[in-house]
Amino acid sequence: MGIDAGCADEILLKKNIDITEFDDGSEQGSYLIRCNDRCWKVSAFVYVFLSALHDTSNLSSVRNYFQEHYHIALQEKQINDVLNFLQENNLLEGSDDTKQKQKSILWMRITLIPAALVKKIKVFTPLFRKGCIIPLSLICLAWMIFIFFLYPSGELASQIQRLSPLYFLMSYLIILSISIFHELGHSSALLYHGGTPGRIGTAFYFFMPVLFTDVTDTWRLKRKNRFIVDYGGIYFQMLISILIFAVNHLFLHNQIVTMAVCMSTLQIISNLNPFIKMDGYWMLCDTIGSTNVTLLMFSVLLNLFRKEENCPHQVKALSKEKRIILISYSVLFFAFISYFTLFILKSLDLAVATLRADLHILLTESDTLTFSFRNILQYLSSRFTMYIILIFSLRTVIGLIKKLAGGLQKRRTAHAA
């Protein structure tokens, strides 16, 4: 139940609330509320309201402030909307953050590198100088294109499935090392732009184990610098991947290392997915100045088939350049979806074909088969990666179906309202 402005007069904000200007690229101006490592983007009206409330906890004084300085008579609904926002997000004195923390999609966090140590790792910050980041990024982009031409999705899926459990584990450890360097990219970018990074750790994102870096302080930066912090992880992951690939190609000639780098490259591309809150999502957010780029991207695409008078307000507010960015990004995203879909389908096809062959042998030649612990262990070892890929593929397909179904349900609910 929300707070009623007609019943409450004294409202106490939490003492550790911090409000700063927020660069979202708009002319109206936005502000950022920070409290307990959480952030909210609010309008200039909410900023003025909270600033007045911070000086005096009396709602009558807040009303008088708006009347005196802005000649605005605050309506009950305006006040109730702000108060309900404060209550729902536990920004009032005495409220508990426990429930809000439980809603986080990043759970079971474990620290790998403490914040005190992360702040001291400044050796990589020169890589974010303009004279370094632009040419190195272009080299990395060319290398990634080369990798995808060298290892088509079908061939890559086939080679991954042939990995034994030991080699699969070795590949995973290489990818994990590369991923830690990815997180150092985010923290190094924040350090370069004058921010203070937090810890690096591991957690579960929905049901997936992931690494994370606390870069909450990024919100204080200008939009362009926030984009660099978002990009920093992918940038470092490309750099370390191309370095490992080059060393392996020239000296080691190890197929396991090659597979690990290829899988890491797929991971880089998947990070650009704007449908989940990973690097690509935040990069697009900071490019456009929006907090929900997924819906905005689809609105822009659908608007290509609408008449101008039917154009939604959020699309009309976008500049021509931002519309072009969203359309261009959607093309790149669907190109990735095509590649990744072929990879999934090829993996499923190989896994199903192998499973069918195994069942055929079991049913037709069961009398000649020798069932021993050693034979079973050898069989599971040879099929380990296949089952991992099969489970991952099915889980991905089910997840996409659920996401599409949820999106359709939300659209129906919105239309019904």
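In every chain, residue numbers begin from 1 and rise along the written sequence. Where local features are concerned, this predicted model is filtered to residues with pLDDT of at least 70; where side-chain atom pairs are given and counted, the filter is 80 or more; whole-chain, interface and lining totals use all residues. Note that the side-chain values use all heavy atoms of the structure and ignore hydrogens as well as water.

(A) Quick look at the sheet that holds strand β1 (residues 18–22). Taken together, the 3 strands give an open sheet; going across it, the order is β1-β2-β3, and neighbouring strands pair in antiparallel fashion. Each having just a single partner strand, β1 and β3 (38–43) make up the two edges of the open sheet. Adjacent strand axes in the sheet meet at a mean angle of 30°, parallel and antiparallel pairs treated alike. Across 6 bridges, strand β2 (residues 30–35) lies against β3 in antiparallel orientation. Looking at β3, one finds that L32 is bridged to K41. Its contacts with the sheet put helix α1 (residues 44–55) on β1, β2 and β3, and the angle it makes with β3 is roughly 110°. One bridge is not enough; two strands pair if DSSP finds at least two bridges between them. A run of H or I in DSSP counts as a helix once it spans at least four residues, and a run of E counts as a strand once it spans at least two, with each numbered from the N terminus. Lines fitted to C-alpha atoms define the axes here, with helix axes fitted over just the stretch in contact, and angles between the N-to-C directions of these axes take values from 0 to 180 degrees. Contact definition: two residues touch when any of their heavy atoms are within 4.5 Å.

(B) Structural detail: the environment of V42. Looking at the secondary structure, you find V42 in strand β3. As a C-alpha pair, V42 and L32 span 10 residues in sequence and 6.2 Å in three-dimensional space. The residues contacting V42, other than those within four sequence positions of it, are S30, Y31, I33, Y47 and F85.

(C) View of the confidence of the model for the chain. Each residue carries a pLDDT score, the predictor's own confidence in it, on a scale running from 0 to 100. In the predicted model, the chain carries a mean pLDDT of 80, and the fraction of residues at 70 or more is 79%. The secondary structure element of the chain with the lowest average pLDDT is helix α4 (residues 98–102), at 49, and the one with the highest is helix α5 (residues 115–118), at 94.

(D) Layout of helix α3 (residues 76–88). One less than the number of residues in a helix, times 1.5 Å, gives the span that helix is expected to have. With 13 residues, α3 ought to run about 18 Å at 1.5 Å a step, and its terminal C-alpha atoms sit 18 Å apart, in line with that. Taken together, the buried positions of α3 are I79, N80, V82, L83 and L86. Seen end-on, α3 carries its buried residues on one side only, within an arc spanning 165°. Across α3 from its buried face, at more than 90 degrees, point the exposed residues K77 and E88. Residues of α3 that are buried sit in contact with α1 and α2 (59–70). Of the residues one or two after α3, N90 is the one with positive phi, at around 55°. A simple rule labels every residue: compare its accessible area, found with a 1.4 Å probe on the protein chains alone, to the largest value its type can have, and call it buried under 20%, exposed over 50%, or partly exposed in between. What the arc measures is the spread of directions leading from the helix axis to the C-beta atoms.

(E) Region of the structure containing the nonpolar core. Core analysis: the largest hydrophobic core is formed by 48 residues, its most contacted members being F128, L156, Y231, Y235, M238 and M259. Within the residue set of this core, elements represented by two or more residues are α6 (130–150), α7 (153–161), α8 (165–192), α9 (223–252), α10 (255–270) and α14 (320–364). If sequence neighbours within four positions are ignored, M238 has contacts with C140, W143, M144, Y231 and I268. Counting 24 residues, the second-largest nonpolar core is a separate cluster that includes L13, F66, L74 and L86. Remark: nonpolar core denotes a set of buried residues (Ala, Val, Leu, Ile, Met, Phe, Trp, Tyr, Cys) joined through side-chain atoms within 4.5 Å.

(F) Broad picture of the pairing of β2. Counting buried residues in β2 gives 6 out of 6 residues, a clear majority hidden from the surface. By the alternation rule, side chains of β2 split into S30, L32 and R34 and Y31, I33 and C35, which are all buried. Two elements, β1 and β2, share 5 bridges in a ladder whose sense is antiparallel. In the strand pairing of β2, D18 is matched with R34.

(G) Representation of the packing of helix α11 (residues 279–288) against helix α12 (residues 293–303). With their axes 10 Å apart at the nearest point, α11 and α12 run at an angle of 65° to one another. In this view, α11 runs roughly perpendicular relative to α12, as classed from their interaxial angle. Of α12, the residues touching α11 (which contributes Y281, L284, C285 and I288) are V293, T294 and L296. When residues are sorted by character, Ala, Val, Leu, Ile, Met, Phe, Trp, Tyr, Cys and Pro go into the nonpolar class, Asp, Glu, Lys and Arg into the charged class, and all the rest, Gly among them, into the polar class. Of the residues assigned to the contact of α11 with α12, the class counts are 6 nonpolar, 1 polar and no charged. Throughout, the term roughly parallel applies to angles under 35 degrees, roughly antiparallel to angles over 145, roughly perpendicular to angles from 65 to 115, and oblique to all others.

(H) Geometry of the environment of G198. Relative to the elements of secondary structure, G198 occurs in the loop between α8 and β5 (200–205). A C-alpha to C-alpha distance of 6.9 Å links G198 and V118, two positions 80 residues apart in sequence. Once you skip the residues sitting within four places of it in the chain, G198 turns out to touch A115, V118 and D214.

(I) Spatial organisation of the packing of aromatic side chains. Ring geometry is summarised as follows: Phe, Tyr and Trp rings, the Trp one being its six-membered ring, pair when their centres sit within 6.5 Å, and such pairs are stacked at plane angles under 30 degrees, edge-to-face over 60 and tilted between the two. Enumeration according to the criterion identifies 19 aromatic pairs in this entry. Taking the centre distance of 3.8 Å and the plane angle of 0° together, the rings of Y31 and Y47 count as stacked. In this pair, Y31 is assigned in strand β2 and Y47 in helix α1, connecting sequence segments 16 residues apart. Assessed through its relative accessible area of 27%, Y47 is described here as partly exposed. Taken together, a centroid distance of 5.8 Å and an interplanar angle of 55° make the contact between Y235 and F236 tilted.

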